[in-house]
Structures are given as C-alpha cells and as structure tokens.
Amino acid sequence: MSTSTSTFDHPGTAAAEHFDLIIIGSGSGNSLISEAWEGRRVAVVDGGTFGGTCLNVGCIPTKMYAYPASLGGSEQEAARVNVDLRREGVDFPALRDRIFGRIDAISDSGLRYRRDELDYTTVVEERVRFTGPKQLTTDSGRVLTADQIVVAAGSRPSLPDIPGVDLPAVHTSDTVMRLPELPRRVVVVGGGFIAVEFAAVFDGLGSEVVQVIRGERLLTSHDDSVSARFTEIASRTWDVRTGWEPRKIVPGHDDGPVTVRFARSWRGAAQEGTAAGTAEAFLELEADVVLMATGRTPNVDTLDVAAAGLDVTHRGVLAVDAYQRLLCGGEPVEGMWGLGDVVNSWQLKHVANHEARVVAHNLVHPEDLRENRLAPVPSAVFSRPQVASVGLTEQQAVDEVGAENVTVKEQEFGDVAYGWAMNDAVGLCKLVADRRTGRLLGAHLVGHEAANLLQPLVQAMSFGLDAHTMARGQYWIHPALSEVVENALLGLDVPDSGLL
Ligand SMILES: Cc1cc2nc3c(=O)[nH]c(=O)nc-3n(C[C@H](O)[C@H](O)[C@H](O)COP(=O)(O)OP(=O)(O)OC[C@H]3O[C@@H](n4cnc5c(N)ncnc54)[C@H](O)[C@@H]3O)c2cc1C
Ligand SMILES: NC(=O)c1ccc[n+]([C@@H]2O[C@H](COP(=O)([O-])OP(=O)(O)OC[C@H]3O[C@@H](n4cnc5c(N)ncnc54)[C@H](O)[C@@H]3O)[C@@H](O)[C@H]2O)c1
C-alpha cells in the first residue's frame with residue numbers, strides 16, 4: 001500500500017506533490033532506498049521498464065545469451081582438441097523465453113514491492129523533466145518537488161541519422177533480444193562492446209553474421225595488442241568488414257530482408273588525365289535483422305537540466321563532485337545527487353553500483369560524507385573470446401610515466417600448461433607496470449575466461465600490491481590457467497621482492 005504524499009501549492013505551479021526524496025531512474029537508483037527512509041516519503045520515477053538497463057536490456061540478458069552462444073559456437077575450439085562438436089541447433093524461442101521469464105518476473109516483483117507493498121515509497125511510472133530547482137514535471141503534468149533529488153536516469157542507444165534507420169528490421173540492444181525467431185542473416189553495425197557481444201551471440205546461436213565497422217579494428221578503446229588480437233580472431237569466426245560507413249537502409253519487398261548500404265570515400269591524387277577528387281565505393285548487404293550498436297547517449301538532454309541550473313561536462317554527462325553531488329556553476333547543489341551512466345562515462349554497472357552506495361550513504365549522513373573511489377575500473381567484454389581490461393594501456397602508460405619507466409610483458413595462454421591442455425592459439429595476457437616500483441599500471445587479457453582471470457590483477461592494483469610480491473607471495477594452483485597471470489608478472493622487468 002502506498003502512502004499518500006503531502007500536496008501543497010508550490011510557488012508558481014499547480015499543486016505539487018512533495019517528497020523527502022525523489023529518485024529519477026529505477027536501475028541503480030532503486031538500490032538507494034534502505035530502512036533509513038522508513039516513515040519518510042520517497043518517490044521512484046521511471047518512464048521505462050522498472051529495474052533499468054542492466055536488468056531488462058543490458059548486462060543480465062546479454063550474458064544469459066552469451067553463455068549458451070559460447071557453447072553453440074565452440075565447434076572450432078573443440079576441433080582444436082580433436083572433439084567433433086557439431087551444432088545441431090538452438091531452440092531460440094525457448095532460450096528467449098527462459099531468459100525473459102526470469103527477468104520480467106524480477107522487474108514486475110520489484111515494481112510491485114515499491115508501488116504496492118512498501119508504505120513509504122511511491123512509484124511514478126512516467127517520464128519527468130526539471131521545471132525548476134528541485135522541481136520536476138511529468139509528461140502528464142504532475143508536479144513533483146523534494147528536499148533531495150537523485151538523478152540516476154542512465155543512457156540510451158544512439159543511432160546514426162540515416163534513411164531507413166527506423167525500419168522494423170533495424171534494432172538496438174533494447175529490442176534485439178526479443179526477436180520472434182533466430183534471424184538467418186544479421187548485420188551488426190559498430191565495433192564496440194555491444195556490437196562484439198551480439199556478433200558473438202548471433203554467430204554462436206547459428207545466424208550468419210556480418211559485422212561492419214568504420215575503422216580497421218574492433219574494440220579500439222582497448223590496448224592495441226588486445227584490439228589487434230581480438231580483431232584477428234573475430235574475423236576468423238564471423239565476417240568482419242572494415243572501413244565502411246552506414247549510409248542507408250532500404251526496405252525489402254513484402255517485409256523481406258532489408259538492404260544496408262555502406263560507403264567509403266577517399267581523396268584520390270591527380271592521375272594522368274584525371275583531376276584530384278573524392279572517390280567513393282559502396283557495399284550492400286542483405287539482412288533479416290540489422291543491429292545498430294553505435295554507442296549510448298547519457299539521458300541528460302531529455303531532462304531539461306538547465307531548468308535546475310545543473311552543470312554538464314564536455315562529455316555530455318552531469319557534473320558531480322567526489323561525493324556525487326550535482327554541480328551548478330562548479331559548486332555542489334545542496335540535496336542534489338547523481339549516479340551511473342548519466343554522470344560518468346564508464347557506462348558500467350559496477351561503477352553505477354559503487355556510486356549508488358556512495359549516494360545511499362551520503363543522503364542519510366550529511367555530517368559524514370564519503371567520497372567515491374575512481375580507480376582502477378575494470379571492464380570485460382563477453383564476446384568470443386572474452387576481453388578484460390583494467391588501468392592504462394601501454395600507450396597511456398608511456399604518455400603518463402615516460403617510455404623509460406614502463407615495462408611490458410605479453411604472455412601467450414598457449415605457453416602455460418593449461419594452455420597446452422586447451423591447445424590454445426588465442427589467449428594473451430598483457431601486463432604494463434612501472435619498472436621503478438613494480439606497480440601495475442594496466443592489465444589486458446583476451447581469451448578463455450579473461451574476465452575471471454583479470455580479477456586478481458584488479459585486486460593487486462586496488463590494494464597496491466607490486467608485481468613481484470603478487471607473483472611470489474602466494475601459491476598459484478598448478479596447472480590452472482591462472483598460471484598465465486603468474487608468468488606474465490614474472491616476465492616484467494620490476495624490482496625483486498625477495499620472496500621465493
Ligand atoms: C546491451 C548492454 C549490455 C551491457 N552489459 C554490461 C555488462 O556486462 N557489464 C557492465 O558493467 N555494464 C554493462 N552494460 C552497461 C550497464 O547496463 C549500465 O552502465 C547500467 O545499467 C547503468 O545504470 P544506471 O542506473 O545509470 O541507469 P539505468 O539502469 O539505465 O536506469 C535509468 C532509468 O532511468 C529511466 N529514465 C531515464 N530518463 C528518465 C526520465 N526523464 N524520466 C523518468 N525516468 C527516466 C529509464 O527508463 C531507466 O529505467 C550494458 C549495457 C547494455 C546496453
Ligand atoms: N560487457 C560490458 O561491460 C558492456 C557490454 C555492453 C555495453 N557496455 C557499456 O555500454 C557502452 C556502450 O556500448 P556501445 O558498444 O554501444 O558503444 P561503444 O562506444 O563501445 O562502441 C560504439 C561503436 O559504434 C561505432 N559508431 C559510432 N557511431 C557510428 C556511426 N555513425 N556509424 C558507424 N559506426 C559508428 C564506433 O566507432 C564504435 O565502434 C559501452 O561503452 C560500455 O561501457 C558494457
């Protein structure tokens with residue numbers, strides 16, 4: 001049962017509903033409500049599906065697809081170790097319904113709990129925008145005010161503005177996981193996290209996948225060695241076309257496959273008999289489904305934040321200080337907080353969760369504000385193979401501490417005992433350290449279970465363990481794949497800890 005909110009005339013507005021706390025966004029924002037709020041009035045506002053991106057259209061369902069797809073796509077790996085694992089088929093509708101049967105139930109019960117069961121929370125199932133400092137107006141005209149407001153409004157897919165991008169066959173990550181059936185041909189546009197995860201999913205499930213990128217490599221935000229290795233392996237697994245810009249998507253006949261038109265252009269030098277000019281080439285691909293995975297935009301523009309005077313950074317996110325307080329003219333605004341994709345450019349759930357813990361504490365302990373922890377932030381791409389990374393790339397380390405102070409080791413998975421067991425020709429563990437102190441500056445892995453292998457390196461970097469102490473200060477289980485990390489650590493040119 002929901003408590004009724006106090007309603008009063010707010011200066012210059014229709015009757016406003018007033019709360020102690022309003023949270024915009026039910027993703028990471030939903031976790032802010034603890035028993036500390038009992039007896040007070042809290043509103044969670046969400047114009048989308050309750051539970052936000054990670055639960056409904058992000059981390060959780062993608063990984064629930066990625067695991068089965070990795071089994072479906074393991075023919076080549078099995079063949080390397082003399083096992084014939086030909087894929088008979090995938091029951092796509094059953095897979096989809098198992099995934100969303102679980103997820104939709106969690107979203108529904110989370111909504112019911114906040115809306116119908118907790119007596120101090122109200123759910124406003126509408127989009128809102130700022131109409132003044134600490135004042136919000138919903139699409140239907142409800143005016144909401146609060147002593148404290150948390151903006152946890154996330155991000156949304158951004159699409160190139162090309163003809164045909166609104167055709168029914170064109171999807172983003174928001175819709176592509178609920179297809180009625182497994183598409184025969186999928187064109188994936190983009191080369192970042194979402195694109196390579198879905199290319200691996202559809203390939204593993206049995207679709208024909210063509211991934212088209214503007215540049216020459218996939219995952220270009222990663223260390224060069226990892227990006228190059230991943231691109232090489234992905235190109236052997238599914239069809240990767242480089243150097244093409246999407247221009248137009250043309251509908252098919254009778255709802256048949258669409259045609260995606262790409263172009264590349266270059267400046268041609270003057271030849272004998274021809275003038276210098278721009279030449280263009282085109283690529284046309286037919287597809288049952290087109291996945292546009294071309295980045296995500298923070299939901300700042302849709303909130304009219306200027307009405308609340310909030311600062312926006314050059315990256316298009318809301319500016320916050322170390323306590324996650326929103327800023328106005330560079331100064332923190334009392335009672336205004338932000339977290340997640342709308343305030344940081346990592347766009348990662350574990351970062352949003354950490355920021356939510358900071359805000360949850362600071363909201364109820366104004367006398368004991370806690371700072372967020374900025375580094376090191378790890379990430380993993382659950383493609384085939386996996387990619388995982390933390391800290392500086394080799395180039396960033398060189399730029400930061402100087403080439404003479406950087407030591408790098410690239411350790412092949414195939415050169416450690418478990419790598420022999422796997423007959424692995426894929427995995428790479430690259431470590432970057434400061435040769436003066438042995439401090440790890442970055443760690444980058446591509447290969448089997450890269451996300452799990454990275455975690456001890458995140459731990460070492462988080463707690464200041466130097467590379468040699470990490471390698472020799474503990475037993476490494478033999479012959480586990482984690483020996484690849486041990487060997488990489490020992491390959492760095494760093495001070496000896498004296499441990500044996
Ligand atoms: C396909 C995909 C896979 C991903 N995989 C991973 C992964 O494996 N690991 C990882 O760490 N991260 C992953 N991410 C990123 C992760 O999902 C996000 O970083 C995280 O969910 C952001 O949480 P948030 O709380 O900031 O926002 P969200 O969870 O997006 O919540 C914001 C909510 O605000 C609501 N909202 C927005 N504007 C308004 C408004 N004006 N009025 C009312 N409500 C509004 C939205 O409806 C939404 O429900 C993935 C993302 C995608 C898209
Ligand atoms: N496993 C994970 O942690 C995970 C998984 C998925 C998403 N995410 C988060 O979501 C964020 C967004 O993911 P994403 O893959 O959409 O973004 P991204 O920034 O990683 O990649 C976007 C890609 O689209 C391309 N692109 C952009 N505009 C284009 C255009 N007009 N035409 C052609 N190509 C274009 C870019 O060159 C790039 O290859 C990620 O940065 C990540 O933080 C995380």
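It should be emphasised that the depicted structure is a prediction, and the values quoted were computed from it without experimental measurement.

Undergrad: Hey, could you run me through empty space enclosed by the protein in this one?
TA: Which parts of space are left empty comes out when a probe the size of a water molecule is rolled across the atoms. Across all of its chains, the model carries 2 cavities of 30 Å³ or more by this definition. Approximately 60 Å³ is the volume found for the largest cavity. Surrounding the largest cavity, Pro 157, Ser 158, Thr 172, Ser 173, Ile 194, Met 292, Ala 293, Thr 294, Gly 295 and Arg 296 form its lining. Partitioned by chemical class, the residues of the lining of the largest cavity number 4 nonpolar, 5 polar and 1 charged. Reported here for the second largest cavity is a volume of approximately 40 Å³. Contributing to the lining of the second largest cavity are Tyr 65, Phe 92, Val 176, Met 177, Phe 198, Val 201, Phe 202 and Leu 205. Per element, the largest residue contribution to the lining of the second largest cavity is 4 residues, and it comes from helix α5 (residues 193-205). A per-class count over the lining of the second largest cavity returns 8 nonpolar, no polar and no charged.

Undergrad: How should the site of ligand 2 be read in this particular structure?
TA: For ligand 2, the set of nearby residues contains 19 residues, the closest of which are Ile 194, Glu 197, Trp 346, Gln 347 and Ala 380. Here a nitrogen atom of ligand 2 sits 2.6 Å away from a polar atom, N or O, in the main chain of Ala 380. Burial of ligand 2 by the surrounding chains reaches 74%, relative to a free accessible area of 850 Å². Considering each element in turn, the shell around ligand 2 owes the most residues, 3 residues, to α5. By residue class, the composition of the shell around ligand 2 is 9 nonpolar, 6 polar and 4 charged.

What counts, and where the lines are drawn
Residues numbered from 1 in each chain as written. Chains lettered and ligands numbered in written order. Predicted model: local features only at pLDDT ≥ 70, side-chain atom pairs only at ≥ 80, totals over all residues. Heavy atoms only, no water. 1 Å grid on protein atoms, 1.4 Å probe; cavity = no way out; pocket = protein on both sides within 12 Å on 5 of 7 lines; lining within 4 Å. Points joined across faces, edges and corners; volume = space filled by probe spheres on them. Nonpolar A, V, L, I, M, F, W, Y, C, P; charged D, E, K, R; others polar. Helix = DSSP H or I, 4+ residues; strand = E, 2+ residues; numbered from the N terminus. Near = heavy atom within 4 Å. Polar contact = N/O pair within 3.5 Å; in protein donor to acceptor, adjacent residues only side chain to side chain. Areas by Shrake-Rupley, 256 points an atom, 1.4 Å probe, with all protein chains shown as cover.

Note that all results are geometric; they support no functional claim without further evidence.
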